[in-house]
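Notes for the structure review
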Amino acid sequence: MNNTYYTISDIAEILNPISFKKENDSVIRKLVIDSRTVIDPDGSLFFALSGKRDGHGYLADAYHNGLRNFVISDASYLDQYPDANVLLVSDVLLSLQLLAKYNREQHHLKVIGITGSNGKTIVKEWLYQLLASEFNIIRSPKSFNSQIGVPLSVWEIDADHTLGIFEAGISKGEEMESLGDMIQPSIGILTNLGEAHAEGFSSQKEKLDEKLKLFKDAELFIYAPEYTLGMPKNDLPGQVKFSWSLKEQADLQILFIEPIDGRNYIRAKFKGAEIECLIPFSDKASVENGIICWATLLALGYTPEQADERLEKLTRVSMRLELKNGINQCSIIDDSYSADISSLAIALDFLNLQNQHPKRTLILSDIFETGKSNEVLYLEIAALLKQKEVNRLIGVGPNITASASLFNLETTFFDSTQAFVESFPALHFSNETILVKGARKFEFERISKLIAQKVHDTVMEVDLNALAGNLQFYRAKLQPGVKIMAMVKAFSYGSGSFEIANLLQYHKVDYLAVAYTDEGIALRKAGIKMPIMVMSPEPSAFDAIVRFKLEPEIYNLEILRSFISFIQEVNYPVHLKIDTGMHRLGFEEPDLTELLNTLAETDKVKVASVFSHLVGSEEGAHDEFTKYQVHRFTDMADIISKGLNYKFIRHISNTSAISRHPDAQLDMVRIGIGLYGFDAGLKANKGLQTVAVLKTTITQVKDIKPNETVGYGRRGLLPEGGTIATVKIGYADGYSRAFGNGVGRMLIKGKMVPTVGVICMDMCMLDVTGLDVKTGDEVVVFNSELTIATLAEQIGTIPYEILTNVSQRVKRVYFYE
Ligand SMILES: *Cc1c(COP(=O)(O)O)cnc(C)c1O
């Protein structure tokens, strides 16, 4: 093996720490920042980064997971782990970056650096596909392009690699220099310059200047003049410059783009001749990314014929894991597109956070990792499977089959995907969570097809990363120590049940809350262990509440008394609801004496929390009333506190209160709709990510004459005639009849189109006059562009109702990356 390696002493020499506690001379192969995802604990160095949460808080967890090498900046942790090597530095992030830079400087390979507002990851992955036959390529995993992602990527360069492809992303000024120091690209690609992240810069020019810093020492620079704001060519970076353009003269000047059968045929002028290529995608973004790759191949000296031949074979880049329902009550995590050890670790992490089935199964193909023997590679994987509590492995491919003896769990091996498919009935998949992970050439989509339920043409896609991002957004607004209760009532506002709860449990939310006992039971049956509050605990369900360890909300004396007379336990946790102005449920001030007397007479229940609900936290007009409610609440909580001789949690803030009333956080907040991507208390929802996207498809396209009508009651008219598309969503799916007759709009290929006629039970019709559409085309009902807020406005309701109305008949598919 030809790998560069560093001992902890080498690293200490590079970092020059304030203090170095050395216990042994470990060889460091991996740098890690997440104590949960550890592949190789002995060879990993953990960086206690302080971001929104302090990484030092995870040292104990990291130690528990077997890590024995730490970089820290808080001296009080220096001697806490007797058998660990510890480097104390002044800035943990800078040290991580310094190490990456050092590693970069040890290797003299060609490096492509990519930046721009969009398309970085796709261009990187496509260049990898296009160039993998000549080069041994090291590239950023996923979209690791930040101040943290870049050093983790650059660290992985070793002596075997002949080409590096790294992306760099910035969100504000002064960030590119450090990225450039680490990547040191010899070839630079600016994908484009959009409005994204513009808030961190005072102008487009400032943003462009910052991006171009990445390329200050590049030999070759590839760009489009439309994205360089008219900057003179001489001011652009790169000893050699290569331009492409749709608008003006350029080294690769695009003449025309013609869509054919879901692909795009492109002609261009290059070195005075006309050349052509075929990009095997239909959407606009893919065409631009394809042209950037085309320009890169030509700039690198490939002939137009070679370039065309390779571009035609590009395949879609999917870095998202898909969680969906499978046969025989299985859950399927589909990752049938890539197989390398770092993406395997991420996928296993996601598998591990699923609790809904007792059994976790992995179907894995041979993995291709350069510079590692099979034995080393599969031993690493075996350790990973143990750590992530996988119960069953089905290996597909000659290499993994030859390594069978390294795995210590239930295993089955097949030489090929075909052999798996032939034995499929004998594998008896049932009531388990199955991760399907295979290198592209194993065509694991054949396996997914066998075990996953077919997803119908109307689906709601739920982005779990966006949900986790929204949680983080609110968490960052909390004062230290404030707990979080996540509202997962009504099927998590329509987004899902255990799929969402698993994620919230993984992200260490303190409490979940549901409306009804049944919802709580479903979560318990899916393996959710964290505390769950039930807001409407009907007495007929007390038995189930206790059996499933659910915690009831107590909102009046009657329910308190019947609960006390029912239960046998001691100190059973309950939550007291106080009415401070909603006038729905809850104790009022005159009830408190009797409440306290009743509580004093029993040791069967213990008050875990006392809470109230705000009626208008999102609206400025109600701020006075919000203050009054908070005040009334704390007064009443004080009375309860005096009456009980123990502490309890006090909470009143819902989503908009967190964003608008920071002084109402008390001991805990209850986040609802904000998690799912909407907050009426924020200006234009700023800072939140869209979680749910509802999509359907076109079933039929018809031409309509001027005097013809469309749909029931002859309500739909196109006065001048035109074209309609029938789509597979109706009021039974949750698309309200109120959207009929042009009130509602949907998005087809980026164009807004209105409804025609009334909304039917399972279908509705859209006016697509003048658009090039056909059966099977995708139609967006809501997404980040056409938001639930817009839909709510169209029919005079609130986003909550739009989300929760999407019926259970619409399949949910979860994405995670
Ligand atoms: C639904 C609910 C919430 C969450 O409200 P959002 O506005 O969605 O954040 C909080 N508290 C109670 C009691 C609720 O019923």
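Scoring rules and cut-offs
- Residues numbered from 1 in each chain as written.
- Predicted model: local features only at pLDDT ≥ 70, side-chain atom pairs only at ≥ 80, totals over all residues.
- Heavy atoms only, no water.
- Helix = DSSP H or I, 4+ residues; strand = E, 2+ residues; numbered from the N terminus.
- Rg over C-alpha atoms; globule rule 2.2 N^0.38 Å.
- Buried < 20%, exposed > 50% of the residue type's maximum accessible area, 1.4 Å probe, protein only.
- Contact = heavy atoms within 4.5 Å.
- Areas by Shrake-Rupley, 256 points an atom, 1.4 Å probe, with all protein chains shown as cover.
- Lys, Arg positive; Asp, Glu negative; His and termini not counted.
- Charge placed at Lys NZ, Arg CZ, Asp CG, Glu CD.
- Pairing = 2+ DSSP bridges.
- Axes fitted to C-alpha atoms, helices over the stretch in contact; angles between N-to-C directions.
- 1 Å grid on protein atoms, 1.4 Å probe; cavity = no way out; pocket = protein on both sides within 12 Å on 5 of 7 lines; lining within 4 Å.
- Points joined across faces, edges and corners; volume = space filled by probe spheres on them.
- Nonpolar A, V, L, I, M, F, W, Y, C, P; charged D, E, K, R; others polar.
- Domains from an automatic or database assignment.
- Polar contact = N/O pair within 3.5 Å; in protein donor to acceptor, adjacent residues only side chain to side chain.
- Arc of directions from axis to C-beta.
- Near = heavy atom within 4 Å.
- Parallel < 35°, antiparallel > 145°, perpendicular 65-115°, else oblique.
- Left-handed = near helix turned anticlockwise from the far one by under 90°.
- Right-handed = clockwise from strand over helix to strand, strands pointing away.
- Disulfide = S-S within 2.5 Å.
- Salt bridge = Lys/Arg side-chain N within 4 Å of Asp/Glu carboxyl O.

Concerning the overall build of the protein chain
A tally of helices and strands in the protein chain yields 25 helices and 40 strands. Expected size for 817 residues packed as a compact globule is a radius of gyration near 28 Å; at 29 Å, the protein chain falls within 12% of this value. Residues classed as buried in the protein chain amount to 54% of the 817 residues present. Considering only contacts within the protein chain whose residues lie at least 6 apart along the sequence, 64% involve residues at least 24 apart. Here the protein chain displays about 34,900 Å² of accessible surface, and carbon together with sulfur accounts for 49% of that area. Once the 84 positive and 103 negative side-chain charges of the protein chain are each reduced to a mean point, those two points are 2 Å apart.

As for the pairing of strand β36 (residues 745-748)
With four bridges connecting them, β36 and strand β37 (residues 751-756) associate as antiparallel partners. Paired with Arg-745 across the bridge in β37 is Pro-754. Linking β36 back to β37 in an antiparallel pair, the connection comprises two residues, with Lys-749 at a positive phi of about 45 degrees.

Concerning the sheet that holds strand β11 (residues 187-190)
Backbone-to-backbone hydrogen bonds pair the strands of a sheet. The strands run either parallel or antiparallel. Pairing is mixed in the open sheet, where nine strands are placed in the order β9-β10-β8-β11-β12-β13-β14-β15-β16. The open sheet has two free edges, formed respectively by β9 (137-139) and β16 (273-279), since each of these has just one partner strand. On average, each strand axis in the sheet is inclined to that of its neighbour by 20 degrees, with strand direction left out of account. When strand β8 (residues 110-115) meets β11, the two strands line up parallel, connected through four bridges.

So, the sheet that holds strand β25 (residues 511-516)
The strand order around the closed barrel built from eight strands is β24-β25-β26-β27-β28-β29-β30-β31, with neighbouring strands paired in parallel fashion. Sheet twist, expressed as the mean angle between neighbouring strand axes with direction ignored, is 30 degrees. Bridge count between strand β30 (residues 649-653) and strand β31 (residues 668-671): two bridges; the pairing is parallel. Looking at the pairing, Ser-653 lines up with Val-669 of β31. Docked against the sheet, helix α22 (residues 623-643) engages β28 (572-577), β29 (605-611) and β30, running at close to 165 degrees with respect to β30.

Observations regarding the layout of surface pockets
In this structure, the second largest pocket occupies an estimated 710 Å³ of space. Along the wall of the second largest pocket there are 31 residues; nearest its centre are Lys-489, Tyr-493, Arg-584, His-613 and Tyr-800. Broken down by secondary-structure element, the contributors of at least two residues to the lining of the second largest pocket are α16 (489-493), β25, β26 (532-536), β31 and α25 (799-805). Tallied by class, the residues present in the lining of the second largest pocket amount to 17 nonpolar, eight polar and six charged. Looking at the lining of the second largest pocket, you find at least three residues from each of domain 4 (461-685) and domain 5 (692-816).

Focus on the side chain of His-161
Mapped onto the elements of the fold, His-161 is located in the loop between α5 (149-154) and β10 (163-167). At a separation of 2.9 Å, a polar atom in the side chain of His-161 contacts the main-chain amide nitrogen of Asp-158.

Here we look at helix α20 (residues 557-566)
Among all positions of α20, only Leu-557, Ile-559, Leu-560, Phe-563 and Ile-564 are buried. Projected onto a plane normal to the axis of α20, the buried residues spread over an arc of 165 degrees and lie on a single side. Among the exposed residues of α20, those oriented more than 90 degrees off its buried face are Glu-558 and Ser-565.

Here we look at the site of the ligand
What surrounds the ligand is the set Met-487, Lys-489, Tyr-493, Met-535, His-613, Asn-654, Thr-655, Arg-670, Gly-672, Ile-673 and Tyr-800. Asn-654 is positioned such that a nitrogen or oxygen atom in its side chain is 3.1 Å from an oxygen atom of the ligand. At 2.7 Å from an oxygen atom of the ligand is found a side-chain nitrogen or oxygen belonging to Tyr-800. Alone, the ligand offers 390 Å² of accessible surface; in the complex the protein occludes 95% of this.

A word on the domain arrangement of the protein chain
Partitioning the protein chain into structural domains gives domain 1 (3-93), domain 2 (107-311), domain 3 (321-454), domain 4 (461-685) and domain 5 (692-816). Each of domain 1 and domain 3 has a C-alpha centre, and these two points are 31 Å apart.

Overview of the packing of helix α21 (residues 592-600) against α22
Across the interface, α21 lies against α22 with an axial gap of 10 Å and an inter-helix angle of 30 degrees. What the angle tells us is that α21 and α22 run roughly parallel. Where α21 crosses over α22, the handedness of that crossing is right-handed. Where α21 approaches α22, its residues Leu-592, Leu-595 and Leu-596 are matched on the opposing element by Met-636, Ile-639, Ile-640 and Gly-643. A class-by-class count of the residues in the contact of α21 with α22 yields six nonpolar, one polar and no charged.

A word on the pairing of β10
The buried count for β10 comes to five of five residues, which makes it a mostly enclosed element. The alternating pattern of β10 places Leu-163, Ile-165 and Glu-167 and Gly-164 and Phe-166 on opposite faces, both of which are buried. Of the strand pairs in this sheet, β9 and β10 are connected by three bridges, and their pairing is parallel. When the bridges of β10 are listed, Ile-138 appears paired with Gly-164. Handedness of the β9-α5-β10 crossover: right-handed.

Comments concerning the packing of helix α8 (residues 284-299) against helix α9 (residues 304-311)
Any two packed helices are characterised by how steeply their axes cross, that is the angle between the axes, and by the distance between the axes. The contact between α8 and α9 brings their axes to 9 Å, and the two run at 145 degrees. For α8 against α9, the interelement crossing comes out right-handed. Only Pro-304, Ala-307 and Leu-311 of α9 make contact with α8, whose side of the interface consists of Gly-290, Cys-293, Trp-294, Leu-297 and Leu-298.

Some thoughts on the state of the cysteines
Within this structure, the stated rule accounts for zero disulfides. Lacking any disulfide linkage, Cys-277 is separated from the closest cysteine sulfur, that of Cys-293, by 10 Å. On the basis of relative accessible area, Cys-277 is assigned to the buried category, the value being 1%. Cys-764 forms no disulfide, and the closest cysteine sulfur to it belongs to Cys-760, at a distance of 7.5 Å.

What to know about the environment of Leu-109
With respect to the helices, strands and loops of the structure, Leu-109 is situated in the loop between α3 (92-105) and β8. In contact with Leu-109, other than residues within four places in its own chain, are Arg-104, Ile-138, Ile-157, His-161, Thr-162, Leu-163 and Gly-164.

Some remarks on the pattern of salt bridges
Summed over all chains, the structure comprises 36 salt bridges. With a closest N to O distance of 3.2 Å, Glu-461 and Lys-695 form a salt bridge. Placement of the pair is Glu-461 in strand β23 (residues 459-463) and Lys-695 in strand β32 (residues 692-704), with a sequence separation of 234 residues. Salt bridges sharing partners connect three or more residues here, namely Lys-124, Glu-125, Arg-139 and Glu-167.

Considering helix α18 (residues 517-525)
Along α18, the positions that sit buried rather than exposed are Thr-517, Gly-520, Ile-521, Leu-523 and Arg-524. Angular distribution of buried residues about the axis of α18 spans 160 degrees; they occupy a single face of the element. In α18, those exposed residues whose orientation departs by more than 90 degrees from the buried face are Asp-518 and Lys-525. Along its buried surface, α18 packs onto α17 (498-506), β25, β26 and α19 (542-547). Following α18 by one or two positions, Gly-527 has its phi on the positive side, about 85 degrees.

A look at the environment of Glu-778
Counting through the fold element by element, Glu-778 comes out in strand β39 (residues 778-782). Expressed as a C-alpha distance, the spacing of Glu-778 and His-613, which sit 165 residues apart in the sequence, is 41 Å. When near neighbours in sequence (up to four residues on either side) are disregarded, Glu-778 contacts Lys-695, Thr-696, Thr-697, Leu-747 and Ile-748.

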